[in-house]
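# Analysis of the macromolecular model
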Amino acid sequence: MINSGDHSELKHHFASDNYAGICSEAWQAMAEANSGLASSYGDDRWTAQACEKIREVFEKDCEVFFVFNGTAANSLALASLCQSYHSIVCHEMAHIETDECGATEFFSNGTKVLLVPGENGKINLDAVEHTITKRSDIHYPKARALSITQATELGTLYSLEELQGIGELAKKYNLRVHMDGARFANAVASMNVAPKEISWQAGVDVLTFGGTKNGFAVGEAVVFFNKELAHEFDYRCKQAGQLASKMRFLTAPWIGMLDSGAWLRNAAHANSCARLLANEIKKIPQVRIMFESQANSVFLEMAPEALEALRAKGWHFYTFIGSGGARFMCSWDTKVEEVARLVADIKASVA
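Model, not experiment: these values are computed from the prediction. (Residues numbered from 1 in each chain as written. Predicted model: local features only at pLDDT ≥ 70, side-chain atom pairs only at ≥ 80, totals over all residues. Heavy atoms only, no water.)

## Digging into the overall build of the protein chain
For the protein chain, the count of helices and strands is 13 helices and 10 strands. Over its C-alpha atoms the protein chain spans a radius of gyration of 21 Å, differing by no more than 12% from the 20 Å that the globule rule assigns to 351 residues. Projecting the C-alpha coordinates of the protein chain onto the three principal axes gives extents of approximately 60 × 60 × 30 Å. Accessible area of the protein chain: about 15,400 Å², with a carbon and sulfur share of 48%. (Helix = DSSP H or I, 4+ residues; strand = E, 2+ residues; numbered from the N terminus. Rg over C-alpha atoms; globule rule 2.2 N^0.38 Å. Areas by Shrake-Rupley, 256 points an atom, 1.4 Å probe, with all protein chains shown as cover.)

## Some remarks on the nonpolar core
Counting 61 residues, the largest nonpolar core has Ile-54, Phe-66, Phe-209, Val-223 and Trp-254 as the members making the most contacts within it. Every residue in contact with Phe-66, bar those within four places of it in the chain, is listed here: Thr-47, Ala-50, Cys-51, Ile-54, Glu-220, Ala-221, Gln-242, Met-247, Leu-250, Thr-251 and Trp-254. Cys-273, Ala-278, Leu-342 and Val-350 belong to the second-largest nonpolar core, a separate cluster that totals 24 residues. (Core = buried A, V, L, I, M, F, W, Y, C linked by side-chain atoms within 4.5 Å. Buried < 20%, exposed > 50% of the residue type's maximum accessible area, 1.4 Å probe, protein only. Contact = heavy atoms within 4.5 Å.)

## Considering the environment of Phe-291
Along the polypeptide, Phe-291 turns up in the loop between strand S8 (288–289) and strand S9 (297–301). The class for Phe-291 is buried, based on a relative accessible area of 15%. Taking C-alpha positions, Phe-291 is 7.0 Å from Leu-154, a pair spaced 137 residues apart along the chain.

## Concerning a nonpolar patch on the surface
A cluster of nonpolar side chains, contributed by Tyr-19, Tyr-318 and Phe-320, occupies part of the molecular surface with about 300 Å² of accessible area. Considering the arrangement of structural elements, one finds Tyr-318 in the loop between helix H12 (304–312) and strand S10 (325–329). Look at Tyr-318 and you get partly exposed, because its relative accessible area is 30%. (Patch = residues over 30% accessible without salt bridge, like charges linked within 9 Å, V, L, I, M, F, W, Y side chains within 5 Å. Salt bridge = Lys/Arg side-chain N within 4 Å of Asp/Glu carboxyl O.)

## So, the pairing of strand S4 (residues 142–149)
S4 sits mainly inside the fold: seven of its eight residues count as buried. Sheet topology places strand S2 (residues 86–91) next to S4; four bridges connect them, and they run parallel. Residue pairing for S4: His-86 is matched across the bridge by Lys-142. As paired elements, S4 and strand S5 (residues 176–181) share five bridges and run parallel to each other. Opposite Ser-147, over in S5, you have His-178 as the bridge partner. This β-α-β element, S4 to helix H7 (residues 160–172) to S5, shows right-handed connectivity. (Pairing = 2+ DSSP bridges. Right-handed = clockwise from strand over helix to strand, strands pointing away.)

## Points about the pattern of salt bridges
Taken as a whole, this structure holds 13 salt bridges when the rule is applied. In this structure, Lys-122 and Glu-162 form a salt bridge, with 3.0 Å as the shortest nitrogen-oxygen distance. You can see Lys-122 sitting in the loop between strand S3 (112–116) and helix H6 (125–133) and its partner Glu-162 sitting in helix H7, a full 40 residues away along the chain. In this structure Lys-122 comes out as buried when scored by relative accessible area, which is 15%. Among the residues examined, Glu-162 registers a relative accessible area of 33% and is labelled partly exposed. Between Glu-308 and Arg-311 there is a salt bridge; the shortest N-O distance is 3.4 Å. With Glu-308 and Arg-311 both in helix H12 and three residues apart, this pair spans about one turn of that helix. The exposure class assigned to Glu-308 is partly exposed, which follows from its relative accessible area of 48%.

## Focus: H12
Two residues of an α-helix separated by three or four positions point the same way, owing to the 3.6 residues in each turn. Those residues of H12 that fall on the buried side of the exposure criterion are Ala-306, Leu-307 and Leu-310. Around the axis of H12, the buried residues are gathered within 100° of arc, so they sit on the same side. Opposite the packed face of H12, turned more than 90 degrees from it, sit the exposed residues Glu-305 and Ala-312. Residues of H12 that are buried in the fold lie against S10 and helix H13 (336–350). (Arc of directions from axis to C-beta.)

## Overview of the pairing of S2
Burial analysis of S2 places six of its six residues in the buried class, the great majority of the element. Here S2 runs beside S3; their pairing, made up of five bridges, is parallel. The residue of S3 that forms the bridge with His-91 is Val-116.

## Considering the sheet that holds S10
Spatial ordering of the open sheet is given by S8-S9-S10, a layout of three strands whose pairing is antiparallel. Both edges of this open sheet fall to S8 and S10, since each of them pairs with a single strand only. Strand direction decides the pairing type here: S9 and S10, joined by five bridges, are antiparallel. Across the sheet, residue Val-298 finds its bridge partner in S10, namely Phe-328.

## Some details on the packing of aromatic side chains
Summed over all chains, the structure comprises 15 aromatic pairs. Arranged with centres 4.9 Å apart and planes meeting at 70°, the rings of Phe-224 and Phe-233 form a pair that is edge-to-face. There is no split in this pair, since Phe-224 and Phe-233 are both buried. Of the aromatic side chains, those joined through ring pairs into one cluster are Phe-58, Phe-66, Phe-184, Phe-209, Phe-216, Phe-225, Trp-254 and Trp-263. Seen from the ring of Trp-46, Arg-45 lies directly overhead, with NZ or CZ sitting 4.1 Å from the centre. Positioned over the ring face of Phe-317 is Arg-311, at 4.4 Å from the centre of the ring. (Phe/Tyr/Trp six-rings, centres within 6.5 Å; stacked < 30°, edge-to-face > 60°. Lys NZ or Arg CZ within 6 Å of the ring centre and 35° of its normal.)

This is how it looks when you write it as structure tokens:
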């Protein structure tokens, strides 16, 4: 049983996992790197060690690059897979389509993004196959890449079997597979699998491995399991303004987080808080959980006036999933008592 508390201040706890600060392991790693001089632009021991740590995690000899944010990671990775006359197939609610301001098209010099439907934020393979086979003439952008998100924008997860099916389809049609892994750590923690099982072993060619939402100050890793596709990716990063001069401060946190296991602990904690929230919400008949909560988010549907009442109590959250839908996102530093306060205020708002 969880108890509510005072709720007088503005409450941003569940608006986004980006709102959370830097966890102690990442902060300490940056502090340790902040000693003396080091070569710039990634020619330093922290960057080399971070690359090796990521290779160890995935049990794969892969090429690793570090950029500032997820938009750059996704768009530059996808640009490396395609020519401008190609197309990228993704879910209609994918982040690269809805939340990156056309960056994929921009950095790929015009590669077209083709959208497919699918329940629970996951692509429908029949729709993918129809999209890439309905035309093969020179007037239609040739499908070259398939982009998936793990965990999805709706907080759901592709199962191992679903990922293997995607990999088989991609292989059949010679598509390269990109995985948006802004919350990849949450997927690994939730599924209790080895990272390799839901990445390169399932046919993923390049993964954007999220750090920011997992407790870093800033930074994502672009991991090429297919090393040939990484050719001159360093030039893409430089041209796009993603080559950090003091790279050690972007890469040192990866060492601290991976060495200590904090990347998985943080993700597991966020997931656990989301499970707690979902389980408590199930006890409120006036509120419906829209999608199964498999990672660190909970999507709720309630009356518009109840949402307004909740906002009036100070809660800040996003409502971009249709009429009556609201997203509540847990992070590495979400506290059980904060979940309790939210649940209490939801009950009061729908009463």
